[in-house]
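Residue strings, one per chain:
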Amino acid sequence: MATKIGIIGAGKIGEALVQGILAQKLASREELMLSVRSEKHRAELEARTGIRTLTDNREVAVAAETIVIAVKPKNVGEVLDGIADLLGPKKLVISTAAGVPLELLEGRVPAGTPVIRTMPNMAVAIGEGMTALSPGKTVPAERLDWATSIFRACGRALVVGEEHMDAVTGLSGSGPAYVYIIIESLADGGVKLGLPRDVATELAAQTVLGAAANVLKTGEHPAKLKDQVTTPAGVTIDGILELEEGRVRVTLIKAVVKAAERARQLLHKAY
Ligand SMILES: NC(=O)c1ccc[n+]([C@@H]2O[C@H](COP(=O)([O-])OP(=O)(O)OC[C@H]3O[C@@H](n4cnc5c(N)ncnc54)[C@H](OP(=O)(O)O)[C@@H]3O)[C@@H](O)[C@H]2O)c1
């Protein structure tokens, strides 16, 4: 079976993508090929996933039409330099690296090679990821559709202008970590009131899931949904008052802005 998708740098995000692709049956194990740097990781990954895994990126670049580059931002340049002569208009290069712009990606591959910059998050591993894609100069519409379908197989995906990529990184790229802290804190509140830890965590996680699903399903402004569950002189408004005193809004806004700034700085380290 021909290799459909090669993932160079099958670490946390690369492996998460693999899980999503397999779960949604977008490609079979035989249609995937992976590479990592160390032999130890290669052997462990191949044994665990049953997917052909190499330490030779060039072999992946020859075999796969779609090549996902999922190494750390600082390694993207060396990886592209190592396979550049094997690329061209027939290949599709998809980068997941935070803060590495299209201009630099395109500068490292032969002219005419379609390149797409993406920002997924870890929830791609369970089919609930959020990925933004920005196509480079020479990406035919059907290639962008194909790339979008890879990430849609692993959750939601949308195309944004590259100028928004740092904001996406600070919001949905880093966002799962913020939400884990929110869930943990809500659960701590339950534990403080005597709930067993596992019960409190389930209550908190399902509450976040339900609220998020409601926002996506109804398309309503979150403030309107909040108003719907906040009875005048009821219980919830007292909780909201505490949140406002704790400056939860400004803290979350600043978290997104700070992470986006950091994403912008990564560029200087990458090249
Ligand atoms: N983690 C996230 O939530 C997330 C979200 C969005 C985007 N991203 C982006 O995704 C990229 C990967 O992040 P990650 O968290 O998945 O990193 P990671 O777990 O460290 O994975 C990177 C992988 O790249 C491999 N690697 C390093 N140099 C290589 C080379 N020259 N050739 C082939 N493979 C090589 C490493 O192999 P060894 O294990 O053998 O060293 C490792 O498995 C980053 O650019 C990051 O900005 C991450």
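Residues numbered from 1 in each chain as written. Predicted model: local features only at pLDDT ≥ 70, side-chain atom pairs only at ≥ 80, totals over all residues. Heavy atoms only, no water.

Visitor: Would you explain the overall build of the chain in this entry?
Guide: When its secondary structure is counted, the chain shows 12 helices and eight strands. Taking the principal axes of its C-alpha atoms as reference, the chain extends roughly 70 × 40 × 35 Å. A total of 271 residues make up the chain; the buried ones form 42% of that total. Long-range contacts, defined here as pairs at least 24 residues apart, represent 63% of the contacts in the chain between residues at least 6 apart. Split by element, the accessible area of the chain, about 14900 Å² in all, is 60% carbon and sulfur. On the chain, the mean spot of the 32 positive side-chain charges and the mean spot of the 31 negative ones are 2 Å from each other. (Helix = DSSP H or I, 4+ residues; strand = E, 2+ residues; numbered from the N terminus. Buried < 20%, exposed > 50% of the residue type's maximum accessible area, 1.4 Å probe, protein only. Contact = heavy atoms within 4.5 Å. Areas by Shrake-Rupley, 256 points an atom, 1.4 Å probe, with all protein chains shown as cover. Lys, Arg positive; Asp, Glu negative; His and termini not counted. Charge placed at Lys NZ, Arg CZ, Asp CG, Glu CD.)

Visitor: Would you mind going over the side chain of Arg 117 with me for this structure?
Guide: Turning to its location among the elements, Arg 117 is positioned in strand β6 (residues 115-119). One polar contact links the side chain of Arg 117 to the main-chain carbonyl oxygen of Val 100, over a distance of 3.4 Å. With near-sequence residues (within four places) excluded, Arg 117 lies in contact with Ser 95, Gly 99, Val 100, Pro 101, Leu 102, Leu 105, Ala 132, Leu 133, Ser 134, Glu 162, Met 165 and Asp 166. (Polar contact = N/O pair within 3.5 Å; in protein donor to acceptor, adjacent residues only side chain to side chain.)

Visitor: I would appreciate a short explanation of the environment of Leu 133 in the present structure.
Guide: Here Leu 133 lies in strand β7 (residues 129-135). On the basis of relative accessibility, which here comes to 0%, the residue Leu 133 falls in the buried class. Considering only alpha carbons, one finds Leu 133 and Glu 184, 51 residues apart in sequence, at a separation of 30 Å. Sequence-distant contacts of Leu 133, defined by excluding residues within four places in its chain, comprise Ile 116, Arg 117, Thr 118, Ala 147, Thr 148, Phe 151, Ala 157, Leu 158, Val 159, Val 160 and Met 165.

Visitor: Can you walk me through the pattern of salt bridges in this structure?
Guide: Close approach of charged atoms lets side chains of opposite charge pair. A complete count under the given rule lists 15 salt bridges for this structure. Between Asp 85 and Arg 58 there is a salt bridge, and its shortest N-O distance comes to 2.8 Å. Here Asp 85 is found in the loop between α4 (76-83) and β5 (92-95), whereas its partner Arg 58 is found in helix α3 (residues 57-63), with 27 residues between them in sequence. Classification of Arg 58 as partly exposed rests on a relative accessible area of 34%. Note that Lys 137 is salt-bridged to Glu 106, the shortest N-O span being 3.3 Å. On the criterion of sequence distance, the pair formed by Lys 137 in the loop between β7 and α6 (141-152) and Glu 106 in helix α5 (residues 102-107) is long-range, its members being 31 residues apart. Among the ionic contacts, a cluster of salt bridges with common partners joins Arg 117, Glu 162, Asp 166 and Arg 264. (Salt bridge = Lys/Arg side-chain N within 4 Å of Asp/Glu carboxyl O.)

Visitor: Teacher, can you tell me more about unusual backbone geometry here?
Guide: The bulk of non-glycine residues show a negative phi, and the bulk of peptide bonds are trans. Even without glycine at this site, Ala 233 takes up a positive phi of about 60°. Here Ala 233 lies in the loop between α10 (222-228) and α11 (236-245). A residue is classified by how much of its surface remains accessible, and Ala 233, at 81% relative accessible area, is exposed. Its identity as a non-glycine residue notwithstanding, Arg 247 has a phi of 55°, on the positive side. You can see Arg 247 is positioned in the loop between α11 and α12 (248-270).

Visitor: Even after reading the chapter, I still don't get the site of the ligand, so can you show me in this structure?
Guide: Taken together, the neighbourhood of the ligand is formed by 24 residues, with Lys 12, Ile 13, Ser 38, His 41 and Val 71 sitting nearest. The separation between an oxygen atom of the ligand and a polar main-chain atom of Lys 12 is 2.9 Å. Within the contact set of the ligand, an oxygen atom lies 2.7 Å away from a backbone nitrogen or oxygen of Ile 13. Alone, the ligand offers 900 Å² of accessible surface; in the complex the protein occludes 82% of this. At the level of elements, α1 (12-23) and α4 are the ones that each hand at least two residues to the shell around the ligand. Within the shell around the ligand, the residues separate by chemical class into 13 nonpolar, seven polar and four charged. (Near = heavy atom within 4 Å. Nonpolar A, V, L, I, M, F, W, Y, C, P; charged D, E, K, R; others polar.)

Remember that the coordinates give geometry; whether it matters functionally is a separate question.
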